[in-house]
Amino acid sequence: MKHSMVKAVSLFLAIILTVAVFSACGVDPNVKQEDKATADYKVKIDEEEEETEREGFYAYGKGKTDPVEVGGVEVNVKDFAVRSYELAFMMAQKSFDSPKDLPLDAAVQYAFTHIFYNDFYHITNKTVQYRSASEQQIRDSLKEQFGTDDFDVTSSMLYNAGKKIFEMWVPSYGTNIYYIVDAVNVSGDKAEIVTTFYNELARNTLLGKATITVKIQDKKPVIESLKAE
Amino acid sequence: MKKIISVLLAVFLLVSVLPLAVSAEEGEFKTVLINENGDYLLNENDYDAVDIDGVTGTVTLSNAGVYSQGRSAIKVMNNSDVTFVLDGYSTVMGDSSNFSCGIEVELGSKVTFEGEGTLDVTGGKYGAAIGSYGTGINIPEEQRVQVGEITINSGVINAYGGYRGAGIGAGYHVSGNLITINGGTVRAYAGEQGAGIGSGYGTSGGAIGVAAVGEYTAGTIIINGGDIYAASSKKDFTDFSSFDAINANEVPGAWGVGIGGGYGASVDLIEINGGKVVAVSGASGAAIGTGRGTSKANQYNPDAYHCNIRIGGDADVTAVTSDVTKDSDRLGGAAIGTGRGCHTGGNIEITGNAKVTAINASLSPAIGATKKVSPVDGVAIPVAESIVIGDNVQLYAVSAADYAVDKDASALSINDNYFGSSDRWFFGEDAAAIADVANVKVESTKGEQMYTAPTGAVSVWSRIKAAEEQHDEPVVPEKDDKGNLRIDVPLKMAVVFEDGTVYYGGEMKEVEVGKEYHFQMCAVNWDNGTFDDNGNGIRGTVVYTMEVVHRNEFKELAAAAKEDPERYTVKGIDIIDNVAKKIIIDIDAKDTHLETDVNNFFMAYRFHFKGQDYNKQTGIAQVVNTPLESLSVNLPLGSTITCNAYHSYEKVDSADVFIENNSGEGVYDDVYLTSVNDYTWER
């Protein structure tokens, strides 16, 4: 065998060996974990503990999203963290002390969308969807979200008085939400859920911060107020 | 040496772009464990089992075979997010003797199917082909098996549920979660009494509050595209020429459904937005909707039993319920709606440009609730809670023994504006009312399809005109009454119609006289003057309607509208119905066009800075990407914009704004303007 042929065979064997090593370990050396993490990390939270103290309140540690009992009712912390994102960053309603402070059109649009979708970030249609709803559905959704339907809903721009229905092109709100629940402060029949939102999975850049207050009404948790920045 | 390095480098590059061939353990059982993120390949080998544990990545199935014993063939678990890329023809089978699936998707995990290949996948005992396995006994919810999320984007998937499991979805005694189909060809068949797509056999009756009828659910099923064939058993189902032909397709999966909940299971939501869907069920279960319920009040939870179905977009849906048992005690099941033995027909909404054919060969309306007594009191006859059929829907519904559409629905909304009057509906209530129903030939609204009612039909309900004189001849369609309309849009805006077509200023649109068109307002990307769903511009949320009419009708409408100036704005060529958010346009007018007004159709926003505006700019994501000084921009109502403030083109602030019509804030030179909203940066 010629010397050059020996070198070629050696090189080929080396290549095979290299490939086999990487194959055997079952890990693509060129794929970073961060590059692959996508949808399932939407609600991933840090494990870091950080107790907060406040008179009259008891608090969850930072990063915990377990359901919390408020006034004898279980409140899903994750759900309301997401609600605060929807209102503050998808509907641009960053501050209200009570639901009646919400602009009518924003409240109705928010309630309308929740008739059809539990979470805005799940709305991953390729384009907008036409939807219609009855006044009763809108009122039921407002009560479910805010505990009140004390809105002049038929004055909303989504109301078609000719057909007596509400109509809407529901946007494709779908997105990833990266957040950490900083604290859940509970007092009596109310809970404040303080959440920090980020622009990316690595949580390097701040999107904003929101404090949503949830109260128990008729044994159900409803949104009372929101402050976000 | 340089050559060697070059070759090694090339090899590394090659390794980086090729999926890794999974090396199975040699020996009696070739079990593969994938527990690191990455891209993997299951090739032409046969495997005994594959575990995907906590992985985000892709697994290419390339002519692979996975045949398991005693467990699911492929298990996706521990919050995995896996895309199966289909290549060639692969086969995956669970164990028919043990609780198992073809591809088991644990709660918290998510699987997506892509590629152009074919996958034959079969469930094991009590298991879905793709989804979860189940249990042989009825157990409380907190103890039940649960299933993760399933998405199909492309490929050909033939899914055969195991005994009492769904084709795609949940197993026996298990609720569904979320199934999304965006494309591909899917043929999904249930095992006994389950759903082709949805949940498996739920229950025939357990204790209320523990596992009663209605407390299981199919979860949410969303179909946006693809060719989907789903049945409660594996049978051909192509002949709808007569009810005998339909019934001849013997379906052992009676009581199950094509798409929805298996026996005893509710439906959170079935939403069909596009694609071609054919769904077939045996007796007692719906083709699309819920499976059979129960006749026993103590095993039925009316608070939990529910059914929500929405069909819209351009979906082409055929739903057929057969009558295979020939046993009147077992009949029922709507083509679209609920199965026999429940208290409600649910909420059914058919809108958009959907084309729906619903055929029921059994004792039930084609659309609505089965007319057998409610299990709640054994007396009440169930009705649908609501049925909505939109203006542009092309509907053909027929029943062998009941009303084609549940006319007793608590809320029945059919706005027949397309034809202008309801007498165009061919609505037969019984055999006597339709003397020769078998020979009724009807032509669709779109002039594309001919239907002949199946032999034995007693009720046909169609948004289709029936032949009145010569039943044997097709209806001669009226001469096309169309015109051309110029679409005028405000500066830097576009109009998008329901079918997705985008019109910029000055473009012509062919329109049918008397037809309603839904549209929405959009802002374009100022940089390229374009609107699309890929980051150029933003859409509004308010639904507007346009209709063109001929001169004579327009004059009559205009005269009437002038009597009600609060509601109507009458101009030379159009009438704006401010109540119905509708524009009626004279198609015969010279220079006829669609024109949209500020405040009603969009809003002008001006951006200022506290103090002075000099050398301060505003930009709006997707609209004004190049920031501008003293920006004034037309924006669609109901949208949420993200705007940024700049000083000398350095970003200094950001804000989200919900776009509403006039808030009364528009003040300029002491003149109150109703056509503008001002936004002032506090900088």
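On a predicted model such as this, the values are computed, not experimentally measured, just so you know.

Is there a simple way to explain the overall build of chain B in this structure?
Within chain B, the secondary structure is distributed over 3 helices and 61 strands. Here chain B, with 683 residues, has 55% of them falling under the buried criterion. Counting only contacts in chain B whose residues sit at least 6 apart along the sequence, the fraction spanning at least 24 positions is 71%.

Would you mind showing me how to read the sheet that holds strand S61 (residues 676-681) of chain B here?
Pairing between the strands of a sheet comes from backbone hydrogen bonds, and it takes one of two forms, parallel or antiparallel. Residue and element names in this part refer to chain B. The sheet built from 3 strands is open, its strands ordered S56-S53-S61 with mixed pairing. Two strands bound the open sheet, and with one partner strand each, they are strand S56 (632-636) and S61. Each adjacent strand pair in this sheet contributes to an overall mean axis angle of 35°, direction not counted.

Could you clarify how one ought to interpret the packing of helix H4 (residues 104-116) of chain A against helix H5 (residues 135-146) of chain A in this entry?
For any two helices packed against each other, one specifies the inter-axial angle together with the distance between the axes. Residue and element names in this part refer to chain A. Where H4 contacts H5, the two axes come as close as 8 Å, and the packing angle between them is 95°. On the basis of their axis angle, the class for H4 and H5 is roughly perpendicular. Contacts from Ala-107, Val-108, Tyr-110, Ala-111, Phe-112, His-114 and Ile-115 of H4 reach H5 at Gln-137, Ile-138, Ser-141, Leu-142 and Gln-145. When grouped by side-chain class, the residues that make up the contact of H4 with H5 number 8 nonpolar, 4 polar and no charged.

Could you clarify how one ought to interpret unusual backbone geometry in this entry?
Residues other than glycine predominantly adopt negative phi, and peptide bonds predominantly adopt the trans conformation. Residue and element names in this part refer to chain B. A positive phi angle, close to 55°, is found at Asn-78, a residue other than glycine. Within the secondary structure, Asn-78 is located in the loop between strand S8 (74-77) and strand S9 (81-87). Taking the number of C-beta atoms within 10 Å as the measure of exposure, Asn-78 has 14 and is therefore partly exposed. The backbone phi angle of Gln-193 is positive, close to 65°, even though this residue is not glycine. Residue class for Gln-193 comes out buried when judged on the 29 C-beta atoms lying within 10 Å of it.

Help me understand the confidence of the model for chain A, please; the structure alone is not making it clear to me.
Segments scoring low in pLDDT should not have their predicted coordinates read at a detailed level. Residues and elements named next belong to chain A. Summing up the model confidence of chain A, the mean pLDDT is 76 and the portion of residues at 70 or higher is 70%. At the low end of the mean pLDDT range in chain A sits helix H2 (residues 33-36), at 27; at the high end sits strand S4 (residues 95-96), at 96. Segment residues 16-59 is flagged for pLDDT under 50; beyond a separation of four residues in sequence, or across chains, it makes 71 contacts in the model.

Hey, could you run me through the pairing of S56(B) in this one?
Both faces of the sheet carry side chains from a regular strand, because those side chains alternate between them. Residue and element names in this part refer to chain B. Of all 5 residues making up S56, 4 are buried, and the element is well covered by its neighbours. Both strand S53 (residues 602-609) and S56 contribute to a ladder of 5 bridges, which runs antiparallel. Bridging across to S56, Phe-602 finds its partner in Pro-636.

Scoring rules and cut-offs
Residues numbered from 1 in each chain as written. Chains lettered and ligands numbered in written order. Predicted model: local features only at pLDDT ≥ 70, side-chain atom pairs only at ≥ 80, totals over all residues. Helix = DSSP H or I, 4+ residues; strand = E, 2+ residues; numbered from the N terminus. Buried ≥ 20, exposed ≤ 12 C-beta atoms within 10 Å, placed from the backbone. Contact = placed C-beta atoms within 7 Å. Pairing = 2+ DSSP bridges. Axes fitted to C-alpha atoms, helices over the stretch in contact; angles between N-to-C directions. Parallel < 35°, antiparallel > 145°, perpendicular 65-115°, else oblique. Nonpolar A, V, L, I, M, F, W, Y, C, P; charged D, E, K, R; others polar. pLDDT = per-residue confidence, 0-100.

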